[in-house]
Amino acid sequence: MKVLVLNAGSSSLKYQLFNMLTEQVIAKGMCERIGVNGGAEAYMGYSAAGRDKIEIQHEMPSHKEAIELMIATLTDKLNGVIASLDEIDAVGHRVLHGGETFKSSVIVNDEIMAKLEENVPLGPLHMPPNIMGIKACQEIMPGKKNVAVFDTAFHQTMPDYAYMYPLPYQDYKELRVRKYGFHGTSHRFVSEVAVKLLGKENSKVVVCHLGNGSSVSAVKDGKCIDTSMGLTPLEGLMMGTRCGNIDPAAVLYVMEKRNMSVKEMDSYMNKQSGILGIYEKNSDFRNVRDDYAKGDERAVLTLNMVCYKIKQYIGNYAASLGGIDAVCFTGGIGENSALVREKVCADLAFMGVDLDFDKNSRLERERTAGNVDISKDGSKAKILVIPTNEELVIARDTFDLAGK
Ligand code: AMP
């Protein structure tokens, strides 16, 4: 009853091994710098439950070698947690883009593999390593079932008037240009917990996933009806290094004035904007928070911009949902920053979102684990801090489809 969860990036591989009877993580690790300089500089960090972390230097020219090293470590006599590969029931893979083809997770076969390839143009940076990870597992662990879990799938319930862009219709028909949304496993996990905590059949939930990448979603009766990310993860909120929503004409103007190519502008908006673009020192929100406390002008502007844009989305989605039963905060910033939650929820009592400032700041001081309600006792809507667990969603889907 064990499931392996893999998240293959362009030069990295993150993994977790779950015991599905207890849903506990038995071991986890991350390989970095795969393929960089032919794999000569690659290394793996590995930790098994209750034991010290170890670092292993090893040549990893491709994901195949990384997966082989992971398996060797998991089954190692000294550091391992399983006697052999037979103990692993199935492998779950995080896959960025399911396009319109995948509305839920699937067991991978040749037909599915071909459909995944069709989605590469929609995620040219992430899809190739995602697919490479699946292929490597098929090669190294033949006969083991692989399940693809998509970042976009949860958002496939959006109505057409929410996901269409008002560009000429031919761009949707021919180029598949529309809003897809991302962070779907997180929005699904958090909204499911919220619906359970609300304990009512019909629910209107807004999920704010705030981390280095950030997105908001509107979830009605457990189904996503809108989300802030779009065709790519660039749309929506201001993020660590992504600009989020801006006037599209500003893009053209800056390109023209600075004589930039499409590629350069893509990098400018994805890697040099957002928090990094305004704060300028770096994109780590903890530094912004510390400088904000000292009154640093740019940190104040950055933090105010970040919070204002989240607040706007909550209002936006309250209108889409026709009311609001719960606002949920998750992700590195959402789970840890009382200041952001306070600024986002300030002045929202008029629409039933009434924050208990003391409960909110106590949560940061005491670092209470689990799900916490930080709304005032009489608040119409609950304000919930719910730690996300995307890997667990992947493990559960994998187990449900292939492991049982
Ligand atoms: P994630 O991408 O979900 O791992 O979140 C990473 C972001 O969360 C980084 O910008 C961190 O600086 C930020 N973060 C983590 N802890 C805190 C905290 N206590 N206060 C503010 N931001 C935090």
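Up top is the structure.
Residues numbered from 1 in each chain as written. Predicted model: local features only at pLDDT ≥ 70, side-chain atom pairs only at ≥ 80, totals over all residues. Heavy atoms only, no water.

### Things to note about empty space enclosed by the protein
Point 1. Across all of its chains, the model carries two cavities of 30 Å³ or more by this definition.
Point 2. Each pocket or cavity is described by its volume, and for the largest cavity that value is around 60 Å³.
Point 3. Partitioned by chemical class, the residues of the lining of the largest cavity number eight nonpolar, two polar and no charged.
Point 4. Here the second largest cavity defines a volume of roughly 30 Å³.
Point 5. Lining the second largest cavity are Met164, Tyr165, Leu167, Pro168, Asp171, Tyr172 and Val177.
Point 6. Broken down by class, the residue content of the lining of the second largest cavity amounts to six nonpolar, no polar and one charged. (1 Å grid on protein atoms, 1.4 Å probe; cavity = no way out; pocket = protein on both sides within 12 Å on 5 of 7 lines; lining within 4 Å. Points joined across faces, edges and corners; volume = space filled by probe spheres on them. Nonpolar A, V, L, I, M, F, W, Y, C, P; charged D, E, K, R; others polar.)

### Structural notes on the site of the ligand
Point 1. Taken together, Gly211, Asn212, Ser283, Asp284, Phe285, Arg286, Arg289, Gly331, Gly332, Ile333, Asn336 and Ser337 form the complete shell of residues around the ligand.
Point 2. Note that an oxygen atom of the ligand is positioned 3.0 Å from one of the backbone N or O atoms of Phe285.
Point 3. Taken by itself the ligand offers 510 Å² of open surface, and the protein chains cover 76% of this.
Point 4. At the level of secondary structure, the elements contributing two or more residues to the shell around the ligand comprise helix 10 (285-293) and helix 12 (331-336).
Point 5. Looking at side-chain class alone, the shell around the ligand contains two nonpolar, seven polar and three charged residues. (Near = heavy atom within 4 Å. Polar contact = N/O pair within 3.5 Å; in protein donor to acceptor, adjacent residues only side chain to side chain. Areas by Shrake-Rupley, 256 points an atom, 1.4 Å probe, with all protein chains shown as cover. Helix = DSSP H or I, 4+ residues; strand = E, 2+ residues; numbered from the N terminus.)

### A look at the packing of aromatic side chains
Point 1. Going through the model one piece at a time under the given rule, you end up with four aromatic pairs.
Point 2. Aromatic side chains Tyr169 and Tyr172 sit 5.6 Å apart centroid to centroid with 65° between the ring planes, which places their arrangement in the edge-to-face category. With Tyr169 and Tyr172 both in helix 5 (residues 169-175) and three residues apart, the pair spans about one turn of that helix.
Point 3. Judged by its relative accessible area of 15%, Tyr172 falls in the buried class.
Point 4. By the ring-pair criterion, three or more aromatic residues cluster together here, those being Tyr163, Tyr169 and Tyr172. (Phe/Tyr/Trp six-rings, centres within 6.5 Å; stacked < 30°, edge-to-face > 60°. Buried < 20%, exposed > 50% of the residue type's maximum accessible area, 1.4 Å probe, protein only.)

### Here we look at the sheet that holds strand 1 (residues 2-8)
Point 1. Read across the open sheet, the eight strands follow the order 5-4-3-2-1-6-8-7; overall the sheet is mixed. Each edge of the open sheet is held by one strand with a lone partner, namely strand 5 (54-57) and strand 7 (106-107).
Point 2. Two strands pair when backbone bridges link them, and strand 6 (residues 88-95) and strand 8 (residues 145-150) are joined in this way by six bridges, in the parallel orientation. Within strand 8, the residue paired with Gly92 across the bridge is Val147.
Point 3. Packed onto the sheet, helix 3 (residues 127-140) meets strand 1, strand 6 and strand 8 and runs at close to 165° relative to strand 6. (Pairing = 2+ DSSP bridges. Contact = heavy atoms within 4.5 Å. Axes fitted to C-alpha atoms, helices over the stretch in contact; angles between N-to-C directions.)

### A look at the layout of surface pockets
Unoccupied space between atoms shows up once a probe the size of one water molecule is rolled over them.
Point 1. Considered as a void within the structure, the second largest pocket measures approximately 850 Å³ in volume.
Point 2. As for the second largest pocket, its lining consists of 22 residues, of which Leu231, Leu234, Pro248, Val251 and Met269 are closest to the centre.
Point 3. Counting residues per element, the ones that place at least two in the lining of the second largest pocket are helix 7 (248-258) and helix 8 (262-271).
Point 4. Class assignment of the residues belonging to the lining of the second largest pocket gives a composition of 15 nonpolar, four polar and three charged.

### Considerations on helix 1 (residues 63-74)
Point 1. Counted at 1.5 Å a residue, the expected span for helix 1 with its twelve residues is 16 Å, and the 16 Å between its end C-alpha atoms agrees.
Point 2. On its buried face, helix 1 sits against strand 1, strand 2 (13-19), strand 3 (24-32), strand 4 (43-48), strand 5 and helix 3. (Expected span 1.5 Å × (residues − 1).)

### A word on the sheet that holds strand 12 (residues 326-330)
Sheets are built from strands that pair by backbone hydrogen bonding, the pairs being arranged parallel or antiparallel.
Point 1. Spatially, the six strands line up as an open sheet ordered 11-10-9-12-14-13, and their pairing is mixed. The open sheet has two free edges, formed respectively by strand 11 (223-227) and strand 13 (372-373), since each of these has just one partner strand.

### Quick look at the pattern of salt bridges
Point 1. Throughout the structure, instances matching the rule amount to 25 salt bridges.
Point 2. The partner of Glu68 in a salt bridge is Lys64, with the nearest N and O atoms 3.5 Å apart. Of this pair, Glu68 and Lys64 both sit in helix 1, separated by four residues, roughly a single helical turn.
Point 3. A relative accessible area of 35% means that Glu68 is categorised as partly exposed. (Salt bridge = Lys/Arg side-chain N within 4 Å of Asp/Glu carboxyl O.)

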